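Architecture and fold: a report
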Amino acid sequence: MDDYQAVRELLPVPSLSPEAERAGRERLNDAFATKRVRRPLRAAWWSALGLGLAGAAAATLVVTSAAPPSPPATRGVIAAQDGKRFLLAAATSVASMPDDGAWWGSTLVSGEEFRSPGGGYTLRQTRLEESWIPADPEARTWYRWTRLGVKPATPRDEEAWRADGAPTSWTYEGNTPGMLSFDEPPGVVRAARGKPDTFSSEDWDFRVVMAGRPLTKLEQLPGTPEDLRELLKGTDERSTVDNVVRLLFFAPVTSGTRAAAYRLLASMPETDAVGQVTDVLGRTGQAVEYRSGEFPTRPYAGETRTRLVVDPDSGAPLSLETRSVADGMLLNFTAVRENRWADDNPLKEKR
Amino acid sequence: MTAKVTRPVGRADPPGEISDAALLELSLRSPERFGEIYDRHFREIHGYLGRRLDQQAADDLAAEVFLTAFRKRDRFDPERGEVRPWLYGIATNLIGLHRRTETRRLAALRRSAAAQPSAEHGHEERVATRVDALNAQGRLAGELLALPDGDRDVLMLSALGELSHEEVSKALGIPYGTVGSRLSRVRKRLRAALGGVNPLHGGSSG
């Protein structure tokens, strides 16, 4: 028995179309043609962050599009429809937030909802994800993940759950809905909360990466919506929205850049105003919705809508909620408890 | 380090052909020479990405690997190893940005193996063997899923990329000894999960 052979057979080589090979070559040819003068500072960061050998990384955003540096076309006027003015208010609020510190600390609650095995009620599974990303590219990123468990999603679901005998574990035939928990047998979902798991990694969490342009707390990040749009341009407008939202939620960038991101979102026709809503954690905010180009974390093939909820007073992003268009089921969400710059990283001190 | 030269299938390696490292150096002044690096390695890097993620991600990211390598080509140090493992290192770091795709893929493999019905008509014994094999395949996917990312990276570079310990160490920028200890730990787990059965062939080969 050869374990390597088994791995190779489990993961077969995909086919490679001549088009894909040619498209990649063309992107490269574009890069040859438009090769720009190297900027020393960026180059230094690049080597320190080292996507390749250095092993260090940055909290950055990957745009997998070609984005060959092309001269900006006529720049659109950045203007918001009425229902999206709260994004401009958020931009103003966030612009004055302090952004000094050695660590970008982020406390997120993420999860997904799914029906109970009998289909009688909806369950919500949540995780607490804390991460501390260093401004110093040589330092390690610290994480603490805690499984918060599974419970009925709403009071009405809770009633149905009680009527069902208030079970603390659920067994599905075949597939487990939602994210898998590694320590459970397939098909079993348990209510119990897990123990916090603290660890650090040389690799930063690359949530936001520009192709070839690592974004950290770099001063050269654009401070205007137009420049940000150029930088975050995806393969289509949908992925541009995704990139802007990821930057808002996950990236350790300056308050000025964050404000520019809000202004850019306000101007994008792909976002629709929704008005006042309550987010997944029960907080009140204003929202826009859009069709994300990303897949939900749990397998779902249908069409989805993603809602971005913001607190216009503080300028803080509250939550990102992806629902099925067909039945409104909350497929997955990420809610921000807190995002801030700080001098100390509490996780590091615990070790 | 054994100088293992791997070329895409179908490409001859005539004596005196310019080495990857020399091409890379030439590309510093003549960027278009970097295209030959692409032509030599694209298929292999695409295959690696596709095996770990999926074909669509591979189509996207394989090009990204070469764009990244092109931009970083002045940082390539031939003293530290060859171009091929360097490309694998870049590809692996990009996979790190797409963990969810990888996790979803493995989870789906685990589920599809576990959920496979045994309603295949035919010889009962053969059916039983087949179910065993599927279970082992599901367990293998489950083990891969449960591995820490760093361990999985080392395993995949070794199993799929067929990189030597030293090449893995250089590709990931981790100490040589760490590669060995991670691999032996991981392989022990995989072998236990497989339980002496090749999950795809079904038959016991032990």
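Residues numbered from 1 in each chain as written. Chains lettered and ligands numbered in written order. Predicted model: local features only at pLDDT ≥ 70, side-chain atom pairs only at ≥ 80, totals over all residues.

Topic: the overall build of chain B
Of regular secondary structure, chain B possesses nine helices and zero strands. When the helices and strands of chain B are listed from N to C terminus, the series reads α-α-α-α-α-α-α-α-α. Within chain B, the fraction of its 206 residues that count as buried is 47%. Intrachain contacts of chain B at a sequence separation of at least 6 include 69% that bridge at least 24 residues. (Helix = DSSP H or I, 4+ residues; strand = E, 2+ residues; numbered from the N terminus. Buried ≥ 20, exposed ≤ 12 C-beta atoms within 10 Å, placed from the backbone. Contact = placed C-beta atoms within 7 Å.)

Regarding the confidence of the model for chain B
Residues and elements named next belong to chain B. Residues of chain B with pLDDT of at least 70 account for 76%, and the chain-wide mean is 79. Every residue in residues 116–123 is under pLDDT 50, and counting partners more than four places away or in other chains gives six contacts. In the predicted structure, residues 197–206 sits below a pLDDT of 50 and forms 29 contacts with residues beyond four places in sequence or in another chain. In the model output, the complex is listed with pTM 0.52 alongside ipTM 0.81. (pLDDT = per-residue confidence, 0-100.)

Here we look at the pairing of strand S7 (residues 272–278) of chain A
All names here are of chain A. Pairing analysis gives six bridges linking S7 to strand S8 (residues 284–290), with the strands arranged antiparallel. Note that in S8 the partner of glutamine 276 across the bridge is glutamine 286. The antiparallel pairing of S7 with S8 creates a hairpin that spans five residues between the two strands, and glycine 282 there sits at a positive phi of about 85°. (Pairing = 2+ DSSP bridges.)

Side note on helix H3 (residues 55–71) of chain B
Each full turn of the α-helix corresponds to 3.6 residues, which orients residues three or four apart in the same direction. For H3 of chain B, which comprises 17 residues, the first-to-last C-alpha distance of 24 Å matches the rise-based estimate of 24 Å (1.5 Å per residue) to within 8%. Most of H3 of chain B sits out of view: 14 of its 17 residues are buried. (Expected span 1.5 Å × (residues − 1).)

Remarks on the nonpolar core
Judged by nonpolar contacts, the single largest core of 56 residues is most densely connected at Leu49, Val65, Phe66, Leu87 and Ala91 of chain B. With ten residues, H3 of chain B is the single largest residue contributor to this core. Of all hydrophobic cores here, the second largest spans 40 residues; its members include Ala90, Ala91, Val244 and Val280 of chain A. (Core = buried A, V, L, I, M, F, W, Y, C linked by C-beta atoms within 7 Å.)

What to know about the environment of proline 152 of chain A
For proline 152 of chain A, the location among the structural elements is in strand S3 (residues 141–152). Spatially, the C-alpha atom of proline 152 of chain A lies 9.1 Å from that of glutamate 113 of chain A, the residues being 39 residues apart in sequence.

Digging into the packing of helix H2 (residues 34–52) of chain B against helix H4 (residues 83–95) of chain B
Residues and elements named next belong to chain B. Interaxial distance between H2 and H4 falls to 10 Å at its minimum, and their mutual angle equals 40°. In this structure, H2 meets H4 at a crossing whose hand is right-handed. Along its contact with H2, which presents Ile37, His41, Ile45, Tyr48, Leu49 and Arg52, the element H4 presents Val83, Arg84, Leu87, Tyr88, Ala91 and Ile95. Here the contact of H2 with H4 is composed, by residue class, of nine nonpolar, one polar and two charged. (Axes fitted to C-alpha atoms, helices over the stretch in contact; angles between N-to-C directions. Left-handed = near helix turned anticlockwise from the far one by under 90°. Nonpolar A, V, L, I, M, F, W, Y, C, P; charged D, E, K, R; others polar.)

Considering the environment of leucine 23 of chain B
Residues and elements named next belong to chain B. Tracing the chain through its elements places leucine 23 in helix H1 (residues 20–29). Between the alpha carbons of leucine 23 and phenylalanine 34 there is a distance of 6.8 Å; along the sequence they are eleven residues apart. Not counting the four nearest positions on each side in its chain, leucine 23 is found in contact with Ile18, Arg33, Glu36 and Ile37.

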